[in-house]
Amino acid sequence: MSDLKVYNSYSRQKEVFTPLTPGHVGMYVCGPTVSGESHLGHARPYITFDVVFRYLQHLGYKVRYVRNITDAGHFEEEGREAVDKIATKAVLEKLEPMELVQKYTNLFHWAMEQFNTLRPSIEPTATGHIVEQVEMIKKLIAEGYAYETNGSVYFDVKKYAASYDYGKLSGRVIDDLLETTRELEGQDEKRDTADFALWKNASPEHIMRWQSPWGVGYPGWHIECSAMATKYLGAQFDIHGGGMDLLFPHHESEIAQSTICNHSAPVRYWIHNNMITINGKKMGKSYNNVIKLTELFSGNHPVLEKAYHPMTIRFFILQTHYRSTLDFSNEALQAAEKGLKRLWDAYEKLQAMSYTSEAGTRQLSGQKSEVDAELEAKCSKLITELPEFMNDDFSTAKVLANMFELVPVINSMKDNIIPVSALSKETFELLQSQMRLYVEGIFGLQSVTEADNEKLKGVMDLLIDIRKEAKSRKDFVTSDKIRNQLAGLGILLKDEKGGGMSWAIE
RNA sequence: GGUCCUGUGGCCGAGUGGCUAGGCAGAGCUCUGCAAAAGCUCCUACAGCGGUUCGAAUCCGCUCGGGACCUCCA
């Protein structure tokens, strides 16, 4: 099998993935800031890296997947004062900061569960790692790359840039950065505008604050990820993921901090997902165009024509390569919804089929049961390409395209248009197992209808029996009545070839 | 202003030199008591202008359009 190749944002090219420790992978992904509800844009990295996580595990790696919860330390420009974002909202909502943080953490976990994302191996919180952050800042000061002013500590970018390549990850030119001036709080405290905060002095109105060698304050944003990644994954680790918008300054700063502290570049493969756009614009707080996940699931938002199932969103995201922008629209989402249904229906049919009995039936009915060489070759090609596509920088869109090419084959076998025995037993079983692996195991897709109610199944079996009897008597009044009334309840009955019936909840 | 990315059929989106992407929508046909589903077929495009090449959506240049980052941001 081909090697896994990943696009490394740092080198700007695809590289063969070789983990630092054979058999093990350390992966860090920037988690959510739990000062508010997650929106559609947030869904992308967590679904993307969930698939990466699943795929790496499938390849046999033991993966430690660390995804933090940022529950303190981000700054938000609020008038003239840079205020701890979480503290600000807490005041507005009259909540304890930790209550607020807990609320949105819970909501985030709930949404991730809806998307069927696997839980990370470790989910550290920023507030739980103040000590590690303080230690790291101390080290940076000791190394001479950070300085204290008025109870705040800043990283000396100019000094760092003199011996290291600051700006390489984000393609930034240090001289340009030094020129860029902007009125930010604390700007006069910095030796240089490009310097970034490691620790911020907290004014009395800050609710979230901690004691430090530099006085009462709170940590800078970038140091949080560096401290937690170092603690759980070591000075050097394999993969660091996140949205492209984090390239600068966040990830660039992480590199600088960790490089000085640990005397080595922290990350071997930087992987960044692109943005979700709406009407061509990035979905983000600053653009005021976000659709929250709860709104998406409920359809309760002016731009939404209807509610969308979490699996539809997941499928929608996987239909595009993670490094391309993905434009939101009702039309696109509804197309994804239908596509997913078609794929899932075929997938379920395939799993319910069995090679031997079907092949036997074919022989009895006098059809040829010879293997169709052309079909056999086509199917095995489509199947063997799946891992190759995944190995090519996680080309989920291509994997889905191949699956869709297999859908007509599956449906035809189910409807006896093609005998199952047109495929060899090996290929048929490979088809079954690979589809199970990719659809459920790696892509993490699930049934949209959740009709796992045994009693309902029993009732439906009964109604189907009655309807079959009615149909055999040509009592179409009864058979239509059953079908129509069920349709009114949102349950669709479908007559299949060969007299079978199936049903699905709308 | 600086750095970088991007422009594919009605819509969404793969695709880095030659070979049908795929999905959704639309049209026709088949199957069928009807319906739905399913199957088959069709619609086959690469912003514009030049250049390189036997050959370009794919490489180069220019023009026009869109976007991201430079500030919190997935």
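Everything in this summary refers to the structure shown in the same document. (Residues numbered from 1 in each chain as written. Chains lettered and ligands numbered in written order. Predicted model: local features only at pLDDT ≥ 70, side-chain atom pairs only at ≥ 80, totals over all residues. Heavy atoms only, no water.)

## With respect to unusual backbone geometry
Part 1 of the argument: Here the bond from Phe 248 into Pro 249 is cis, since omega is 5°, no more than 30 degrees from zero.
Part 2 of the argument: Tracing the sequence through the fold places Pro 249 in helix α8 (residues 247-262).
Part 3 of the argument: A positive phi angle, close to 50°, is found at Asn 150, a residue other than glycine.
Part 4 of the argument: If you trace the backbone, Asn 150 turns up in the loop between β7 (146-149) and β8 (152-155).
Part 5 of the argument: Of note in this structure, Phe 394 is not a glycine but carries a positive phi near 55°. (Helix = DSSP H or I, 4+ residues; strand = E, 2+ residues; numbered from the N terminus.)

## Structural notes on the protein's contact with RNA strand B
Part 1 of the argument: With respect to spatial proximity, 64 residues lie near RNA strand B, and among them Trp 221, Gly 243, Leu 246, Lys 282 and Met 283 are the closest.
Part 2 of the argument: Restricting attention to atoms of RNA strand B within 4 Å of the protein, one finds that 69% of them are sugar or phosphate atoms.
Part 3 of the argument: One of the side-chain nitrogen or oxygen atoms of Asn 411 is found 3.0 Å away from a sugar or linking oxygen of RNA strand B.
Part 4 of the argument: The separation between a base nitrogen of RNA strand B and a polar side-chain atom of Asp 480 is 2.8 Å. (Near = heavy atom within 4 Å. Polar contact = N/O pair within 3.5 Å; in protein donor to acceptor, adjacent residues only side chain to side chain.)

## Focus: the nonpolar core
Part 1 of the argument: Within the largest apolar cluster, 88 residues are counted, with the highest numbers of intra-cluster contacts made by Leu 296 and Met 435.
Part 2 of the argument: Broken down by element, the residue count for this core peaks at ten residues, all from helix α1 (residues 40-58).
Part 3 of the argument: What Leu 296 contacts, discounting residues up to four positions off in sequence, is Leu 40, Ile 291, Leu 304, Ala 307, Tyr 308, Ile 313, Phe 328 and Leu 333.
Part 4 of the argument: Membership of the second largest hydrophobic core comes to 39 residues, among which are Ala 126, Val 157, Phe 237 and Trp 270. (Core = buried A, V, L, I, M, F, W, Y, C linked by side-chain atoms within 4.5 Å. Buried < 20%, exposed > 50% of the residue type's maximum accessible area, 1.4 Å probe, protein only. Contact = heavy atoms within 4.5 Å.)

## Focus: empty space enclosed by the protein
Empty space among the atoms becomes visible once a probe the size of a water molecule is rolled across them.
Part 1 of the argument: This structure, assessed with the given rule, holds three cavities of 30 Å³ or more.
Part 2 of the argument: Estimated volume of the largest cavity: approximately 80 Å³.
Part 3 of the argument: Arg 44, Thr 48, Val 51, Val 52, Ile 317, Leu 318, Thr 320, His 321, Tyr 322, Phe 394 and Thr 396 together form the lining of the largest cavity.
Part 4 of the argument: Contributions of two or more residues to the lining of the largest cavity are made by α1 and α10 (310-318).
Part 5 of the argument: For the lining of the largest cavity, the leading source of residues is α1, giving four residues.
Part 6 of the argument: Residues that form the lining of the largest cavity fall into these classes: six nonpolar, four polar and one charged. (1 Å grid on protein atoms, 1.4 Å probe; cavity = no way out; pocket = protein on both sides within 12 Å on 5 of 7 lines; lining within 4 Å. Points joined across faces, edges and corners; volume = space filled by probe spheres on them. Nonpolar A, V, L, I, M, F, W, Y, C, P; charged D, E, K, R; others polar.)

## Describing the environment of Tyr 218
Part 1 of the argument: Along the chain, Tyr 218 falls in strand β10 (residues 217-219).
Part 2 of the argument: Taking the relative accessible area as the measure of exposure, Tyr 218 reaches 1% and is therefore buried.
Part 3 of the argument: Put simply, Tyr 218 and Trp 199 are 19 residues apart on the chain and 5.8 Å apart in space, counted from C-alpha to C-alpha.

## Quick notes on the sheet that holds strand β12 (residues 267-273)
Part 1 of the argument: Here four strands make up an open sheet; going across it, the order is β4-β3-β11-β12 and the pairing parallel. The open sheet has two edge strands, β4 (62-67) and β12, and neither has a second partner. On average, each strand axis in the sheet is tilted by 20° relative to the strand beside it, whichever way the strands run.
Part 2 of the argument: Here six bridges tie strand β11 (residues 237-243) to β12, and the two strands are oriented parallel to one another. From the neighbouring strand, Gly 242 faces β12, where its bridge partner is His 272.
Part 3 of the argument: Along the sheet face, helix α7 (residues 221-233) touches β3 (24-29), β4 and β11 and points at about 165° away from the line of β3. (Pairing = 2+ DSSP bridges. Axes fitted to C-alpha atoms, helices over the stretch in contact; angles between N-to-C directions.)

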